Amino acid sequence: MRDAAPTTIYLKDYTPFGFLVDSVHLTFDLAAHATRVTSRIAFRPNPDASDHQFFLHGEELKLIRASIDGATISPEVTDKGLTADVPTAPFIWEAVVEIDPGNNTALEGLYMSSGMYCTQCEAEGFRKITFYPDRPDVMSTFTVRIKGDLPVLLSNGNPSDQGEGWAEWVDPWPKPAYLFALVAGELVAHSDHFTTMSGRDVVLNLWVRPGDEGKCAFGMEALKKSMKWDEDVYGREYDLDVFNIVAVDDFNMGAMENKGLNIFNSSAVLASPETSTDMNFERIEAIIAHEYFHNWTGNRITCRDWFQLCLKEGLTVFRDAQFTSDMRSAPVKRIHDAIDLRARQFPEDNGPLSHPVRPESFQEINNFYTSTIYEKGAEIIGMLKTLVGDDSYAKALDLYFERHDGQACTIEDWLQVFEDATGRDLSQFKRWYSQSGTPRLGVSEDWADGTYTLTLRQRTEPTPGQDEKLPQVIPVAVGLLGPNGDELRETEILELTEAEQSFVFSGLPAKPMASILRGFSAPVILEQDHSDAERAFLLAHDTDPFNRWQAGRSLVQDTLLRMITQDATPGADYLDGLLAVLLDADLDAAYRALMLGLPTQSELAAALHEQGHTPDPMAIWTAIETLRQTTAQHVQDLLPRLHSETVVDEPYAPDAQQSGKRALGGAALALTTRLDGGAMAAQAYTRADNMTQQLGALSCLLRAGKGKEELSAFYDQWRHDRLVMDKWFGLQVSLAAPDAAAQTARTLTEHADFNWKNPNRFRAVMGALAMNHAGFHAAGGAGYALLADWLVRLDPVNPQTTARMCSAFQTWKRYDADRQALIKTQLQRIANTPDLSRDTTEMISRILNA
């Protein structure tokens, strides 16, 4: 039943649990529909707690028996947990419960995926396994015995004993219950080993279903690189004898950092050149690094409560971004991060789902695994590092690990470490954690007698629950360029701490052109009035790779906005500037490919809304198509050279150099297709020997209205590969014409291979529909209705995936009255669904009440 009034939990109400847990022993007797879990837990009163009521979380559990110190008891059990009278001295709690993993379609707790038992306990899944204080500040060592007839039985920590039909694991490091993991199934291991910096040998296993062994090598190499990098850069050594990764098909998230037993969505770990694109490889490398880095920033040091989620996620996202920058191209990585932040986090931060990086309250914690927590949280770490400097950052991190190892911490603990290590007062900087919304950075300048004055202003618009905003500490990286493009002043960090501040540069030989927010030094919106000529100058001369790309991006965005609102034609400043960049063979191929990218339709809709226009999705789509066609014609003489430059003669490797060439070659093929109707793309499809080029050529053909035979051949070739089939489904919806997108998605939901209970497959279709901006928002509302139909159907089966997909509606107030009315009808229909989950109820309520 739906909660009559969902409970709101507040940060200010935190109190420690009344008991400490000294040890946990669990025994699992596995059965698909009647798994028995026996728990033996050593409790003792917590001297730091004021409330000693004994309450254990528990949901969807059948209690068989319970005892305290061997004496049977009858606790009071509700649908949320149980309470019991307990001794005032240390005691042993024992319980036996029965659970039904075979029917657990929510994919929380212990569930089954293609005959494999697996778990997902973050954030509150352990309470669906047994009765326990399921909160991150309760940490204990775990001993786990698994009984079953499956050949592979895995849990956290190190293997301690085994026999026929059972295995035992001991995790010596105290952890909260959300890091518990269990896997049992018919699995095969791709094994290797790693020698740590102190000389310890660690066994590494990547466990997969039979048939997937050929997709493991890259993931294993990425793991070893991650382990070495964390030693070299952060001095963090792995602390167990074995590190296991398991690939699971049915998984709500990307991966989970369970101590010593990482569980991965198959799409985030399995890769081969034939089945995975270069982007897949890079994503896999980053996710493996992210989950491994959690061993210290998340596991050894965890968060006190779920309000502190950004403490582990923001820091770990920042660390995996550093890793990717070191493994690949730092400028390209930074640009990709900014694109993703603007596409996902900025709309979230400026809409009905806006919340601080550390929220003050929530109803369902699963709804706060957001881009704000992860990506904006990482940007805060980056700003902190910029402000204190590399050496002080390293010193503070060493102190953090030394002081808080084995603890559940808060943002206050994190910032105190930096204050102690650097002597800086970070009380104003802390506002980044408490204030929601994206700051806007205004710019004005003055020039007189060799002195340049740069005035910066900051403001943040009101967000839900926060009408008044205070100035924040914003590190603004600035360089000054002379009239000939030379650097008059190299990059320096200006600390903006007031609502308005001026910075003076004296002794300059000529009026400079300021390059502001270099390297995207803060997650803000830069509001600067530049002419097309000034942007073209920066595009040609800026020495900062990010700002050079940004100049081109701003040029093309303004071009598109004028095409939409003024019926303008593409200007020469952008087209000639782009041509110059493409001709510069000294630039990284991946960087040049990024220069060919255009703002997304959703970004343009947001920009139009900011300017006071009502976005017309069809007009936006038309402008982009027109500009792409014009660009193809403008650079057509260069295209043969680009095709020649981007040929890769060596065997396939998903490294930065080859990936960059394929990215630029794919962009050139897309432009060529607009000129030759797909002739070259058809040839490229036929000779492609890797998924990057095969899928790229197929995409070109579909965009050109061709490719029907190739699409069918692609299905026949890959129909038995579940991850490639996700691509097949998603590609058709994402590239469908606006008036056909909803029907394309509807038709695919009727396909025999559409398994809507699998999160990857569901997102492949419905996520692609939501991302097809003009198609989703096509007149008549068919896209809205189709998504709502499926959200209503999915909610009782998988509330987490349903709730996250609701964000497709979060920007509904920016559109015209007819579209708003159509969307509101669907939102109200979802809201009025009987027995709607708490997850989805909260999301829909926040969106409706925008």
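Here the structure is a predicted model, which is why all the values come from computation and not from measurement. (Residues numbered from 1 in each chain as written. Predicted model: local features only at pLDDT ≥ 70, side-chain atom pairs only at ≥ 80, totals over all residues. Heavy atoms only, no water.)

Here we come to the nonpolar core. Within the largest apolar cluster, 210 residues are counted, with the highest numbers of intra-cluster contacts made by F28, F43, W93, F180, W414 and F429. Once residues lying within four places of it in the same chain are set aside, the contact partners of W414 are L311, L315, I381, L384, L397, Y400 and Y433. Counting residues in hydrophobic clusters, the runner-up holds 56 residues, among them A697, C700, A768 and W790. (Core = buried A, V, L, I, M, F, W, Y, C linked by side-chain atoms within 4.5 Å. Buried < 20%, exposed > 50% of the residue type's maximum accessible area, 1.4 Å probe, protein only. Contact = heavy atoms within 4.5 Å.)

In this section: the pairing of strand β13 (residues 152–155). Across the two faces of β13 the burial is the same, with V152 and L154 and L153 and S155 all buried. Sheet topology note: the β13/strand β16 (residues 182–185) ladder contains 4 bridges and is antiparallel. Considered in β16, the bridge of V152 is made with G185. (Helix = DSSP H or I, 4+ residues; strand = E, 2+ residues; numbered from the N terminus. Pairing = 2+ DSSP bridges.)

Reading across from one edge, β17-β18-β19-β21-β20 is the order of the 5 strands in this open sheet, with mixed pairing throughout. The sheet is open, and its two edges are formed by β17 (188–195) and β20 (255–256), each paired on a single side. Sheet analysis places strand β19 (residues 242–248) next to strand β21 (residues 261–265), joined by 5 bridges and oriented parallel. Of the residues in β21, the one forming a bridge with I245 is N262. Taken strand by strand, helix α2 (residues 278–293) contacts β19, β20 and β21, and its axis lies near 150° from that of β21. (Axes fitted to C-alpha atoms, helices over the stretch in contact; angles between N-to-C directions.)

One pass over the full model with this rule turns up 46 aromatic pairs. With a centroid separation of 5.2 Å and 75° between ring planes, the pair formed by F126 and Y132 is classed as edge-to-face. Taken as a pair, F126 and Y132 share a single burial class, namely buried. Taking NZ or CZ as reference, R145 lies 4.1 Å from the ring centre of W166, over its face. (Phe/Tyr/Trp six-rings, centres within 6.5 Å; stacked < 30°, edge-to-face > 60°. Lys NZ or Arg CZ within 6 Å of the ring centre and 35° of its normal.)

Our next topic: the environment of D134. With respect to the secondary-structure elements, D134 resides in the loop between β11 (116–120) and β12 (140–147). When its relative accessible area of 2% is taken as the criterion, D134 is described as buried. Discounting chain neighbours no more than four positions away, the residues touching D134 are H57, A123, E124, G125, F126, R127 and A177.

On to the pattern of salt bridges, then. Throughout the structure, instances matching the rule amount to 56 salt bridges. Between K385 and D390 there is a salt bridge whose closest N-O contact spans 2.6 Å. A relative accessible area of 18% means that K385 is categorised as buried. Salt-bridge contacts for R562 lead to D532; the nearest nitrogen and oxygen are separated by 2.7 Å. Of this pair, R562 sits in helix α10 (residues 545–566) while D532 is found in helix α9 (residues 532–541), placing the two residues 30 residues apart along the sequence. Look at R562 and you get partly exposed, because its relative accessible area is 26%. Here the salt bridges share partners, and the residues they tie into one network are R440, R459, E461, E527 and E610. (Salt bridge = Lys/Arg side-chain N within 4 Å of Asp/Glu carboxyl O.)

Structurally, P174 can be placed in strand β15 (residues 166–175). Given the relative accessible area of 36%, P174 is considered partly exposed. C-alpha of P174 to C-alpha of Y652: the two residues are 478 residues apart in sequence and 43 Å apart in space. Residue contacts for P174: discarding those within four places in its chain leaves M139, S140 and T141.

A few words now on the sheet that holds strand β28 (residues 487–496). Strand order across the open sheet formed by 3 strands is β28-β27-β30, with antiparallel pairing between neighbours. Looking at the sheet topology across the chains shown, the edges are occupied by β28 and β30 (513–516). Strand-to-strand twist in this sheet, taken as the mean axis angle between neighbours without regard to direction, amounts to 25°. When strand β27 (residues 474–481) meets β28, the two strands line up antiparallel, connected through 7 bridges. Considered in β28, the bridge of I474 is made with L496.

Summarising the element assignment, K376 is placed in helix α5 (residues 371–388). Those residues in contact with K376 that sit more than four places away from it in its chain are L341, Q345, D349, V357, S371, W432, Q435, S436 and G437.

This next bit is on unusual backbone geometry. A cis amide bond links E122 to the next residue, A123, at an omega of 5°. For A123, the location among the structural elements is in the loop between β11 and β12. Positive phi, normally seen in glycine, also occurs at F520, with a value near 50°. Overall, F520 belongs to the buried group, its relative accessible area being 1%.

Between helix α4 (residues 330–349) and α10, the least distance of the axes is 9 Å, while the angle of their chain directions is 45°. Classed by the angle they form, the pair α4 and α10 counts as oblique. As for the relative orientation of α4 and α10, their crossing is right-handed in sense. Counted together, P331, R334, I335, A338, I339 and R342 of α4 and P545, F546, W549, Q550 and R553 of α10 form the full contact between these two elements. For the contact of α4 with α10, the per-class residue count stands at 7 nonpolar, 1 polar and 3 charged. (Parallel < 35°, antiparallel > 145°, perpendicular 65-115°, else oblique. Left-handed = near helix turned anticlockwise from the far one by under 90°. Nonpolar A, V, L, I, M, F, W, Y, C, P; charged D, E, K, R; others polar.)

In a regular helix each residue adds 1.5 Å, so 19 residues correspond to 27 Å; helix α3 (residues 309–327) covers 27 Å between its end C-alpha atoms and thus fits that length. Counting buried positions along α3 yields 17 of 19 residues, so the element is predominantly enclosed. (Expected span 1.5 Å × (residues − 1).)

So yeah, pure geometry; function would need other evidence.
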